[in-house]
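# A look at the structure
The lines below spell out each chain.
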Amino acid sequence: MIRMLASVTNPEEAEIAVRAGADLIDLKNPREGALGALPAATIRACLAAVAGRKLVSATIGDLPMESDGVATAVAGTATTGVDIVKMGIGAGGDPRTCIAAAANSRGAAALVGVILADLTDPTPELVGAMADAGFIGVMLDTGLKDGRTLRDHVPDDALEDFIGRARGAGLWAGLAGSLRLADIAPLAMLGPSILGFRGALCRGGARGDVIDPDRVAEVVRSVTASGRVPADTAM
């Protein structure tokens, strides 16, 4: 089955996502960028609301690719008790050094790398570096939230190649980036491990709005209906 990731901003939204059937609860602040970070106190409040019913991830913010800053942010987020820390990989800097620094700072948390596909090429070397560092997954997302979706930036055949590389390296392969309901069925055919959503869950369709229980449930149903993948490619 393909897992549905719901990005939420507070304990109330986390409860909505859990009740609607989301598989992964992802904590982020969409008002602070593509991977904006929430305060540690808010992360802990969300963890208390979820109460172990689902896996919880949290982003570390839209940080430059500088190893000391990434390591500090990963360590700080990991100490909140989340299951997964997500670090973004954008343009510039030294991503490979940051990947290694994150791996050395994660504590008991697992790591998922998020490649911002409109800013950085998801090369096999980058995916391989995450696998070598012990990451459990890699996602493609978009850094520029300008109304375009991941599929506007990356054609489906390239997405399929990325998924194959990630799975071949033993990683979860996730897709996100302003995805809409209409994107679910065609993307599910490519066999990702995870499809991630924020704007499609919100009342007005904008990622900064509050999420709506009916919209979350609709996305969950669509992912569930489309999410049967061959057993040899399951997460």
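Below is a short write-up of the structure. (Residues numbered from 1 in each chain as written. Predicted model: local features only at pLDDT ≥ 70, side-chain atom pairs only at ≥ 80, totals over all residues. Heavy atoms only, no water.)

So, about the pattern of salt bridges. Under the criterion given, the structure shown has nine salt bridges. Asp183 is the partner of Arg151 in a salt bridge, and the nearest nitrogen-oxygen pair spans 3.1 Å. Within this pair, whereas Arg151 is found in helix H6 (residues 150-153), its partner Asp183 is found in helix H8 (residues 181-188), the two being separated by 32 residues in sequence. What makes Asp183 buried here is its relative accessible area of 7%. Each of the salt bridges in this network shares a partner with another, and the network as a whole consists of Glu15, Arg19 and Arg53. (Salt bridge = Lys/Arg side-chain N within 4 Å of Asp/Glu carboxyl O. Helix = DSSP H or I, 4+ residues; strand = E, 2+ residues; numbered from the N terminus. Buried < 20%, exposed > 50% of the residue type's maximum accessible area, 1.4 Å probe, protein only.)

Take the environment of Asp83 next. Within the element layout of this structure, Asp83 appears in the loop between helix H3 (67-78) and strand S4 (84-89). On the accessibility criterion, Asp83 (32% relative accessible area) is partly exposed. Each C-alpha atom, one on Asp83 and one on Leu55, is 6.1 Å from the other, the two residues being 28 residues apart in sequence. At 2.8 Å, the side chain of Asp83 and the backbone nitrogen of Val56 are in polar contact. (Polar contact = N/O pair within 3.5 Å; in protein donor to acceptor, adjacent residues only side chain to side chain.)

We now examine H8. For H8, every residue scored as buried is listed here: Asp183, Ile184, Leu187 and Ala188. In a view along the axis of H8, the buried residues occupy a sector of 120°, so they form one face of it. For H8, the elements touching its buried residues are H6, helix H7 (156-168), strand S7 (172-175), strand S8 (194-197) and helix H9 (213-226). (Arc of directions from axis to C-beta. Contact = heavy atoms within 4.5 Å.)

Attention now goes to the side chain of Arg207. Within the secondary structure, Arg207 sits in the loop between S8 and H9. One buried charge, Arg207, has no salt-bridge partner; the nearest side chain with opposite charge is Asp141, at 6.4 Å. Looking at Arg207, its side chain comes within polar contact range of the main-chain oxygen of Pro30, at 2.9 Å. Residues contacting Arg207, with those up to four places away along its chain left out, are Lys28, Pro30, Gly33, Ala34, Lys145, Arg198, Gly199 and Cys202. (Lys, Arg positive; Asp, Glu negative; His and termini not counted.)

Moving on, we get to the environment of Ile25. Among the structural elements, Ile25 can be located in strand S2 (residues 24-27). Judged by its relative accessible area of 0%, Ile25 is buried. The spacing of Ile25 and Leu5 is 20 residues in sequence and 6.1 Å in space, taken between C-alpha atoms. When residues no more than four places from it in sequence are discounted, the contact partners of Ile25 are Ala6, Val8, Ala14, Ala17, Val18, Val50, Lys54, Leu55, Val56 and Ser57.

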